Amino acid sequence: VGTLRSMLAELVDPSNRDTVTLLVLRFASLEFERAVLFLVTRRAHVGLGGFSQEEPSDKFVTRVRRIKIPVDVESVFSKVVRFRAVYRGPLDRVEGNEQLIQGLGGEWPAGSIIAMPLISSDRVAAILYGDNPSGRELGPTDTLEIFLQQAGLAMDRMLLERKLEEARRRQKDSEH
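Quick caveat: nothing in here was measured; it's all calculated off a predicted structure.

Caption draft 1: Spatial organisation of the environment of G89. Within the secondary structure, G89 is located in strand β4 (residues 87-89). Along the backbone, G89 and P109 are 20 residues apart, and their C-alpha atoms lie at a distance of 11 Å.

Caption draft 2: Structural context of the sheet that holds strand β6 (residues 123-131). Reading across the sheet, the six strands line up as β3-β2-β1-β6-β5-β4 and stay open at both edges, with antiparallel pairing between neighbours. The open sheet has two free edges, formed respectively by β3 (68-70) and β4, since each of these has just one partner strand. Averaged over all neighbouring strand pairs, the angle between strand axes comes to 20°, with direction disregarded. In this sheet, β6 lies alongside strand β5 (residues 113-120) in antiparallel orientation, the contact comprising eight bridges. Along β6, the bridge assignment pairs P117 with I127. With respect to the sheet, helix α3 (residues 57-64) is in contact with β1 (34-40) and β2 (44-52), its orientation differing from that of β2 by roughly 170°.

Caption draft 3: Spotlight on the pairing of β1. Most of β1 sits out of view: six of its seven residues are buried. The sheet contact formed by β1 and β2 spans seven bridges and is antiparallel. Looking at β2, one finds that L37 is bridged to G49. Linking two consecutive strands that pair antiparallel, namely β1 and β2, is a turn of three residues. Both β1 and β6 contribute to a ladder of six bridges, which runs antiparallel. The residue of β6 that forms the bridge with A35 is G130.

Caption draft 4: Looking closely at the side chain of E33. Relative to the elements of secondary structure, E33 occurs in the loop between α2 (17-28) and β1. A relative accessible area of 10% places E33 in the buried class. Side chain to side chain, E33 and R136 meet in a polar contact 3.3 Å long. If we ignore the near neighbours within four places in the chain, the residues touching E33 are F51, S52, Q53, D131, N132, P133, S134 and R136.

Reading guide: rules and limits
Residues numbered from 1 in each chain as written. Predicted model: local features only at pLDDT ≥ 70, side-chain atom pairs only at ≥ 80, totals over all residues. Heavy atoms only, no water. Helix = DSSP H or I, 4+ residues; strand = E, 2+ residues; numbered from the N terminus. Pairing = 2+ DSSP bridges. Axes fitted to C-alpha atoms, helices over the stretch in contact; angles between N-to-C directions. Contact = heavy atoms within 4.5 Å. Buried < 20%, exposed > 50% of the residue type's maximum accessible area, 1.4 Å probe, protein only. Polar contact = N/O pair within 3.5 Å; in protein donor to acceptor, adjacent residues only side chain to side chain.

Spelled out as structure tokens, the structure:
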């Protein structure tokens, strides 16, 4: 809870989406050996960034950013989007998950995985995927789930502030 409290304090006024992404991954690094944040677009689930205890960050992130799993292909991501809920359990051997694991380096997770939605603007905007390649069991993720909810609210707030700023600018321009 102490970690959650300090990370939430950093989330209060994030400067941009990248700050939110980094905070989510930093929190995830306390829970998982490997995690990746995927942006959910109309066409695909696109790797944004991540970490793996098994290889250097820059090499892993470069690989992650090449991952694009089409939304119409069955995967753990399509489940998370459809149900707007956390999935925790074994990774099914379906096409989208095969693409995911291939993109992450090819080693199928020995134990359970987790995929958690980050909801912003009333839709799943991103998905956090986490696992432990060593096979170590996943621990409780309640605080991480709370953090992801707050990260979604922070992104909503950033979007709203940007829209308000644009409206003020337009109003100021029309007055001159």
